[in-house]
Amino acid sequence: MARNKRKSVKTRLLKAGKINRPATYWAIVRKFGKRGHRWRLNPQARRHWRKDKIKV
């Protein structure tokens, strides 16, 4: 990717990074119990850096 990025590209990358974070462990335990998976509270942005690319 280019060294100098447009502001729109930067904001999309920053937003994707913030959304991609899973919830904290205690929140998952409170909602699903000890058998809850980490992606359950973050299904809308379940993304891998190699497989799923951000369209920028």
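Refer to the structure above for everything that follows.
Please read these numbers as outputs of a predicted model, since none were measured by experiment.

### Here we look at the environment of Lys10
- Here Lys10 lies in helix α1 (residues 7–19).
- Measuring from C-alpha to C-alpha, the distance between Lys10 and Val56 comes to 9.1 Å, with 46 residues separating the pair along the chain.

### Some details on the environment of Ile19
- With respect to the helices and strands, the residue Ile19 is situated in helix α1.
- Separated by 25 residues in the primary sequence, Ile19 and Gln44 have C-alpha atoms spaced 8.4 Å apart.

### Re a positive patch on the surface
- The grouping of Arg12, Lys15, Lys18 and Arg21 at the surface amounts to a positive patch.
- Within the secondary structure, Lys15 is located in helix α1.

Definitions and cut-offs
- Residues numbered from 1 in each chain as written.
- Predicted model: local features only at pLDDT ≥ 70, side-chain atom pairs only at ≥ 80, totals over all residues.
- Heavy atoms only, no water.
- Helix = DSSP H or I, 4+ residues; strand = E, 2+ residues; numbered from the N terminus.
- Patch = residues over 30% accessible without salt bridge, like charges linked within 9 Å, V, L, I, M, F, W, Y side chains within 5 Å.
- Areas by Shrake-Rupley, 256 points an atom, 1.4 Å probe, with all protein chains shown as cover.
- Salt bridge = Lys/Arg side-chain N within 4 Å of Asp/Glu carboxyl O.
- Lys, Arg positive; Asp, Glu negative; His and termini not counted.
- Charge placed at Lys NZ, Arg CZ, Asp CG, Glu CD.

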